[in-house]
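Residue-level listing of the chains:
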Amino acid sequence: MTRPENHTVHILNGPNLNLLGKREPGIYGARTLADIETDSIALGRDLGLEVALFQSNHEGGIVDQIQAARDAAAGLIINPAAYTHTSVAILDALNMFDGPVIEVHISQVHKRESFRHHSYVSLRADAVIAGCGTQGYMLALRHMAELLKTA
(Lines give C-alpha, C1' and ligand atoms only; values in the text may rest on other atoms or scores of the structure.)
Protein backbone atom coordinates (compact mmCIF):
# COMPACT_ATOMS: atom_id res chain seq x y z
CA MET A 1 0.00 0.00 0.00
CA THR A 2 1.45 3.35 -0.97
CA ARG A 3 0.26 6.57 0.58
CA PRO A 4 -1.38 9.13 -1.66
CA GLU A 5 0.94 11.83 -2.97
CA ASN A 6 -1.62 14.46 -2.06
CA HIS A 7 -1.76 16.24 1.26
CA THR A 8 -5.25 15.20 2.27
CA VAL A 9 -5.85 14.86 6.01
CA HIS A 10 -8.91 13.17 7.43
CA ILE A 11 -10.11 14.29 10.86
CA LEU A 12 -12.20 11.57 12.49
CA ASN A 13 -14.39 12.18 15.54
CA GLY A 14 -16.01 9.60 17.76
CA PRO A 15 -19.19 9.33 19.78
CA ASN A 16 -20.96 12.32 21.29
CA LEU A 17 -18.65 14.85 19.64
CA ASN A 18 -21.61 15.81 17.43
CA LEU A 19 -22.97 17.47 20.59
CA LEU A 20 -19.97 19.72 21.22
CA GLY A 21 -21.13 23.13 22.41
CA LYS A 22 -24.10 21.55 24.18
CA ARG A 23 -22.48 18.64 25.99
CA GLU A 24 -20.75 19.46 29.28
CA PRO A 25 -19.41 22.86 28.21
CA GLY A 26 -17.41 23.08 31.43
CA ILE A 27 -15.28 20.20 30.13
CA TYR A 28 -15.56 20.53 26.34
CA GLY A 29 -16.20 24.25 25.84
CA ALA A 30 -18.81 26.12 23.82
CA ARG A 31 -17.40 25.52 20.33
CA THR A 32 -19.25 23.12 18.07
CA LEU A 33 -18.03 20.44 15.69
CA ALA A 34 -19.12 22.75 12.85
CA ASP A 35 -16.80 25.44 14.28
CA ILE A 36 -13.93 22.93 14.34
CA GLU A 37 -14.69 21.94 10.75
CA THR A 38 -14.69 25.56 9.54
CA ASP A 39 -11.44 26.35 11.37
CA SER A 40 -9.77 23.10 10.25
CA ILE A 41 -10.58 23.60 6.60
CA ALA A 42 -9.35 27.22 6.70
CA LEU A 43 -6.11 26.37 8.51
CA GLY A 44 -5.60 23.35 6.27
CA ARG A 45 -5.84 25.59 3.23
CA ASP A 46 -3.21 27.93 4.74
CA LEU A 47 -0.95 24.92 5.39
CA GLY A 48 -1.43 23.42 1.93
CA LEU A 49 -3.60 20.58 3.23
CA GLU A 50 -6.98 19.41 2.06
CA VAL A 51 -9.05 18.56 5.13
CA ALA A 52 -12.07 16.26 5.35
CA LEU A 53 -13.97 15.71 8.61
CA PHE A 54 -16.11 12.77 9.69
CA GLN A 55 -18.01 12.02 12.91
CA SER A 56 -19.74 8.83 13.98
CA ASN A 57 -21.32 7.53 17.14
CA HIS A 58 -20.68 4.01 15.84
CA GLU A 59 -17.39 2.15 16.14
CA GLY A 60 -17.84 0.41 12.78
CA GLY A 61 -18.37 3.74 11.02
CA ILE A 62 -15.04 4.97 12.34
CA VAL A 63 -13.31 1.73 11.32
CA ASP A 64 -14.82 2.06 7.83
CA GLN A 65 -13.49 5.62 7.53
CA ILE A 66 -10.00 4.60 8.63
CA GLN A 67 -9.99 1.81 6.06
CA ALA A 68 -11.19 4.18 3.33
CA ALA A 69 -8.46 6.66 4.30
CA ARG A 70 -5.80 4.10 3.32
CA ASP A 71 -6.42 5.06 -0.31
CA ALA A 72 -7.55 8.66 0.17
CA ALA A 73 -5.54 10.36 2.92
CA ALA A 74 -1.91 11.10 3.63
CA GLY A 75 -2.57 11.51 7.36
CA LEU A 76 -5.22 11.01 10.04
CA ILE A 77 -6.18 13.10 13.03
CA ILE A 78 -8.50 11.20 15.33
CA ASN A 79 -10.47 12.04 18.44
CA PRO A 80 -11.93 8.63 19.18
CA ALA A 81 -13.73 9.98 22.28
CA ALA A 82 -14.93 7.10 24.50
CA TYR A 83 -13.60 4.53 22.01
CA THR A 84 -10.11 5.68 23.00
CA HIS A 85 -10.31 3.46 26.07
CA THR A 86 -12.15 0.47 24.62
CA SER A 87 -11.63 -0.09 20.91
CA VAL A 88 -9.12 -2.65 19.76
CA ALA A 89 -10.99 -2.57 16.41
CA ILE A 90 -10.06 1.09 15.88
CA LEU A 91 -6.45 0.35 16.89
CA ASP A 92 -6.32 -2.54 14.42
CA ALA A 93 -7.66 -0.31 11.63
CA LEU A 94 -5.14 2.43 12.48
CA ASN A 95 -2.34 -0.14 12.36
CA MET A 96 -3.27 -0.78 8.72
CA PHE A 97 -2.93 2.92 7.84
CA ASP A 98 0.53 3.83 6.52
CA GLY A 99 0.53 7.59 7.12
CA PRO A 100 0.99 9.61 10.30
CA VAL A 101 -1.73 9.47 12.95
CA ILE A 102 -2.32 12.15 15.58
CA GLU A 103 -4.63 11.49 18.52
CA VAL A 104 -6.53 14.52 19.87
CA HIS A 105 -8.52 14.96 23.08
CA ILE A 106 -10.27 18.20 23.96
CA SER A 107 -10.08 17.59 27.70
CA GLN A 108 -7.01 16.71 29.73
CA VAL A 109 -7.88 13.03 30.04
CA HIS A 110 -5.16 12.36 32.65
CA LYS A 111 -6.88 14.70 35.12
CA ARG A 112 -10.17 12.85 34.75
CA GLU A 113 -11.46 9.42 35.79
CA SER A 114 -8.80 6.72 35.92
CA PHE A 115 -10.42 4.65 33.15
CA ARG A 116 -9.69 7.56 30.77
CA HIS A 117 -5.93 7.31 31.40
CA HIS A 118 -5.47 4.35 29.05
CA SER A 119 -5.63 4.79 25.28
CA TYR A 120 -5.51 1.97 22.77
CA VAL A 121 -5.14 4.58 20.03
CA SER A 122 -1.92 5.91 21.57
CA LEU A 123 -0.27 2.59 20.74
CA ARG A 124 -0.41 3.67 17.07
CA ALA A 125 -0.41 7.47 17.30
CA ASP A 126 2.66 9.40 16.22
CA ALA A 127 1.61 12.23 18.55
CA VAL A 128 -1.03 12.85 21.20
CA ILE A 129 -2.54 16.25 21.99
CA ALA A 130 -4.75 16.50 25.08
CA GLY A 131 -6.13 19.26 27.24
CA CYS A 132 -5.84 22.11 24.73
CA GLY A 133 -9.56 22.39 24.11
CA THR A 134 -10.72 22.52 20.52
CA GLN A 135 -7.48 24.34 19.71
CA GLY A 136 -5.92 20.86 19.88
CA TYR A 137 -7.24 20.20 16.39
CA MET A 138 -5.36 23.23 15.05
CA LEU A 139 -2.19 22.13 16.81
CA ALA A 140 -2.63 18.68 15.30
CA LEU A 141 -3.03 20.13 11.80
CA ARG A 142 0.13 22.20 12.19
CA HIS A 143 2.06 19.16 13.38
CA MET A 144 0.58 17.01 10.61
CA ALA A 145 1.78 19.53 8.01
CA GLU A 146 5.32 19.15 9.43
CA LEU A 147 5.10 15.36 9.48
CA LEU A 148 3.94 15.24 5.89
CA LYS A 149 6.82 17.47 4.77
CA THR A 150 9.32 14.94 6.10
CA ALA A 151 7.45 11.81 4.96
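Not measured: the values here are computed from a predicted model. (Residues numbered from 1 in each chain as written. Predicted model: local features only at pLDDT ≥ 70, side-chain atom pairs only at ≥ 80, totals over all residues. Heavy atoms only, no water.)

(A) Expanded view of the nonpolar core. Membership of the largest hydrophobic core comes to 24 residues, with the highest contact counts inside it found for V9, L49, I77, I102, Y137 and L141. Elements with a minimum of two residues in this core: β1 (8-13), α2 (33-47), β4 (101-105), β5 (127-130) and α5 (135-150). Sorting elements by how many residues they give to this core places α5 first, with seven residues. Among the nonpolar cores identified, the runner-up in size contains 15 residues, and L12, I90, L94 and V101 belong to it. (Core = buried A, V, L, I, M, F, W, Y, C linked by side-chain atoms within 4.5 Å. Buried < 20%, exposed > 50% of the residue type's maximum accessible area, 1.4 Å probe, protein only. Helix = DSSP H or I, 4+ residues; strand = E, 2+ residues; numbered from the N terminus.)

(B) Structural context of the sheet that holds β5. With respect to topology, five strands assemble into an open sheet ordered β2-β1-β3-β4-β5, the strand pairing being parallel. Lying at the two open borders of the sheet, with one neighbouring strand each, are β2 (50-55) and β5. Within this sheet the neighbouring strands show an average axis-to-axis angle of 20°, counted without direction. In the sheet, β1 pairs with β2 via six bridges, with the strands oriented parallel. Within β2, the position partnered with T8 by the bridge is E50. Here α2 sits on the sheet in contact with β1 and β2, set at roughly 160° to β2. Where helix α3 (residues 59-72) meets the sheet, it contacts β1, β2 and β3 (75-79), and its direction lies at approximately 175° from that of β1. (Pairing = 2+ DSSP bridges. Axes fitted to C-alpha atoms, helices over the stretch in contact; angles between N-to-C directions. Contact = heavy atoms within 4.5 Å.)

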